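Chain and residue survey
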Amino acid sequence: MTEIDAARNQLRLLVHLSSHSFRNLKDIDWQPGQGCHLLIGPNGSGKSSLLESVYLLATTRSFRTSQPGDCVRHGEGEFHVTGEVDSGVRSRLEVGWVSGGRFRRLNDRSAPLVEHLRVLPVVAWTDADRDLLSGPPALRRRFIDQGIVAERPTALETLARYRQALAGKRVLLMERRKAIGPWNEVLAGAASEIMKLRRDYMERVSTEFAAAASLSGLSLPLVELRYRPSIDIMEITQEHVLATIESFERRERDKGRPLVGPHLDDVEILFGGRGIRRVGSAGERKVLGLLLAAARGRLLGAVGRDPIYLLDDADTELDRGRLEAVFGVFSEAKQVLVSSNRSEVWGMAEGATRWRLEEGDLSPA
Amino acid sequence: MPDPLSRLVGEFSRLPGIGPKTATRLVHHLLKVSDADARALAESILEVKEKLFHCCRCNGITDIDPCSICTDEQRDKTQICVVEEPFNIQPIERTREFHGRYHVLMGALSPQRGIGPEQLRISGLLERLDGITEVILATNPDVEGEATALYLARLLKPRDIEVTRLAFGMPVGGDIEYTDEVTLARSLAGRRAI
Ligand SMILES: [Zn+2]
């Protein structure tokens, strides 16, 4: 059985969440059920922190910081987040910052990261994604790679191999040393795998994006998402990728840094045939962003890994009509955690369970 | 902390894989053992340093020079297996799949740590190629080990020698040291031309 088959048709729900000394949250002991959960509270009340703790639990990464130590509540030395996931069997995830280092457990034991990542697929839309469409290419590369890793955690190894080989090559070029050949070869191997994964992912996410857009009923201009690889070749093979990388060797030696490869890939987003950077309003970009989140969730659902959605400040920049339309796309989701500081715009979310966050304290609304 | 204590904790902390916490625990354990046991430990450290050294041919660890593998006439003189570290030899020996000789590079290429081809024992390998028909590259399946294998493959290409690489079924980023015998035996048996 493949990684994908084994996971098919499993409903995964976060059924219990507890956190200690995490950010500004009061210690939390929460049992969210299936369905939509609206977390309402003013700015700074801990809404984002609560979503962050779930994201961290599922992915071992924060969407706000690369330093998990930043998540420790002021005045404390460590934090713990523990969660239980029900997928027919119960799995217990734990992440934290303990004795100045990362801490992670799966069912009370240390387990490989890829096993941890398989437990609770998440798709998030947060403040960190605000500039996804109009910001620097690195954000879009991260978007694709996160999507790929959520589908198949083992892709992490390929990404790590590329990153390490690139780091090695960077040093060689910077210090004007010889023997770059073997590093280019290792790079080309990882690069061709990454390029295939990214191209395939972008094709599929475009299809699902169109499906989500049509489901929303919004009349949007045609949106095109195109993978723009740094090494733009028709047939992605290790040999072709290596040949392209090697053809840059002289220029790379002149400049003292790597000039081609997946670390320079981008995604072009056309909105009615024009670059989104110039034509989209903040509201339109928000709609597109949320539909993209829905699209990547639908992809995970297609491989039997229905995600839990984390939508932070979901309503900002959206008028009620758009909010209602976009939110409808998530209505079939198994579990959605939505935060907002305006309870009055959520009249349409009739089935949602409402929670109140005030000064880090979570209570039923 | 009294001086001798912090000194020993400091010495342990310098060992690979041992942080200050573990070092402190080890020292407190040693405080409880008998004088004889403590002396035995200290002496065995000195003994290793005094009696063992690197083989002049393969760089493996030995107490006679050349080592018993290099001088064993029963072993296949046409095959040489290249590994990164002396402690990579034993796991391969345990598989009983390989009957040739070894060559230890004493590391792997690592631009970040300033290890280039000149820092590795490569010239010694080139001097040992007379009569060799196959070189098996058994560097670790991580990025540095891969790059080292590819470097050597390029270097050996002009010579009339078959160059093969272990077919690692183990996860990339693994380490020969931690690979079980069965997996390693399979990697050896399934080695491929590079
Ligand atoms: Zn020897």
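Quick caveat: nothing in here was measured; it's all calculated off a predicted structure.

**Re the interface of chain B and chain A**
Taken together, the contact between chain B and chain A spans 13 residues of the former and 16 residues of the latter. Of the residues contributing to the side of chain B that touches chain A, the split by class is eight nonpolar, three polar and two charged.

**Notes on the sheet that holds strand β6 (residues 101–106) of chain A**
Residue and element names in this part refer to chain A. In spatial order, the strands read β2-β1-β4-β5-β6; together these five strands make up an open sheet with antiparallel pairing. Either end of the sheet is taken by a strand with one partner, and the two such strands are β2 (28–30) and β6. Strand-to-strand twist of the sheet, defined as the mean angle between neighbouring strand axes without regard to direction, takes the value 10 degrees. Here seven bridges tie strand β1 (residues 13–20) to strand β4 (residues 79–86), and the two strands are oriented antiparallel to one another. Looking across to β4, one finds that Ser 19 is bridged to Val 81. With respect to the sheet, helix α2 (residues 47–59) is in contact with β1, β4 and β5 (90–98), its orientation differing from that of β4 by roughly 70 degrees.

**A few points about the confidence of the model for chain B**
All names here are of chain B. Mean pLDDT over chain B works out to 91, with 94% of the residues at or above the 70 mark. Of all the helices and strands in chain B, helix α8 (residues 181–189) carries the lowest mean pLDDT, 83, while strand β4 (residues 101–104) carries the highest, 98. Scored as a whole, the predicted complex attains pTM 0.86, and scored at its interfaces, ipTM 0.81.

**Notes on helix α5 (residues 155–174) of chain A**
Count 3.6 residues to each turn of an α-helix, and residues three or four apart come out pointing the same way. With 20 residues, α5(A) should cover 28 Å at 1.5 Å per step; its first-to-last C-alpha distance of 29 Å lies within 8% of that length. Residues of α5(A) that are buried include every one of A:Ala155, A:Thr158, A:Arg161, A:Tyr162, A:Gln164, A:Ala165, A:Leu166, A:Gly168, A:Lys169, A:Leu172 and A:Leu173, and no others. Lining the buried residues of α5(A) we find α4 (137–151), α6 (181–216) and α8 (249–255) of chain A together with α7 (143–156) of chain B. A positive backbone phi angle near 50 degrees is found at A:Arg176, which sits one or two residues after α5(A).

**Details of the environment of A:Gly328**
Relative to the helices and strands, A:Gly328 is located in helix α11 (residues 320–329). Along the backbone, A:Gly328 and A:Ser216 are 112 residues apart, and their C-alpha atoms lie at a distance of 6.4 Å.

**Some words on the sheet that holds β4(B)**
Residues and elements named next belong to chain B. Read across the open sheet, the five strands follow the order β4-β3-β5-β6-β7; overall the sheet is mixed. Both outer strands of the open sheet, β4 and β7 (192–193), are each paired with one neighbouring strand and no more. When strand β3 (residues 79–83) meets β4, the two strands line up parallel, connected through four bridges. In the sheet register, Val 83 faces β4, and the bridge partner there is Val 104. Its contacts with the sheet put α7 on β3, β5 (134–137) and β6 (162–165), and the angle it makes with β5 is roughly 165 degrees.

**Quick word on the nonpolar core**
With 126 residues, the main nonpolar core has A:Val54, A:Leu187, A:Leu291 and B:Val82 as its most contacted residues. Filtering out sequence-adjacent residues up to four positions away, A:Val54 remains in contact with A:Leu14, A:Leu17, A:Val122, A:Leu310 and A:Leu337.

**Re the packing of α5(A) against α6(A)**
Residue and element names in this part refer to chain A. Contact geometry for α5 and α6: axes closest at 9 Å, N-to-C directions at 140 degrees. Between α5 and α6, the angle falls in the class oblique. Note on packing geometry: the crossing formed by α5 with α6 is left-handed. Listed contacts from α6 to Ala 155, Thr 158, Leu 159, Arg 161, Tyr 162, Ala 165, Leu 166, Gly 168, Lys 169 and Leu 172 of α5 are Trp 183, Val 186, Leu 187, Ala 190, Ala 191, Glu 193, Ile 194 and Leu 197. When grouped by side-chain class, the residues that make up the contact of α5 with α6 number 13 nonpolar, two polar and three charged.

Calculation rules
- Residues numbered from 1 in each chain as written.
- Chains lettered and ligands numbered in written order.
- Predicted model: local features only at pLDDT ≥ 70, side-chain atom pairs only at ≥ 80, totals over all residues.
- Contact = placed C-beta atoms within 7 Å.
- Nonpolar A, V, L, I, M, F, W, Y, C, P; charged D, E, K, R; others polar.
- Pairing = 2+ DSSP bridges.
- Helix = DSSP H or I, 4+ residues; strand = E, 2+ residues; numbered from the N terminus.
- Axes fitted to C-alpha atoms, helices over the stretch in contact; angles between N-to-C directions.
- pLDDT = per-residue confidence, 0-100.
- Expected span 1.5 Å × (residues − 1).
- Buried ≥ 20, exposed ≤ 12 C-beta atoms within 10 Å, placed from the backbone.
- Core = buried A, V, L, I, M, F, W, Y, C linked by C-beta atoms within 7 Å.
- Parallel < 35°, antiparallel > 145°, perpendicular 65-115°, else oblique.
- Left-handed = near helix turned anticlockwise from the far one by under 90°.

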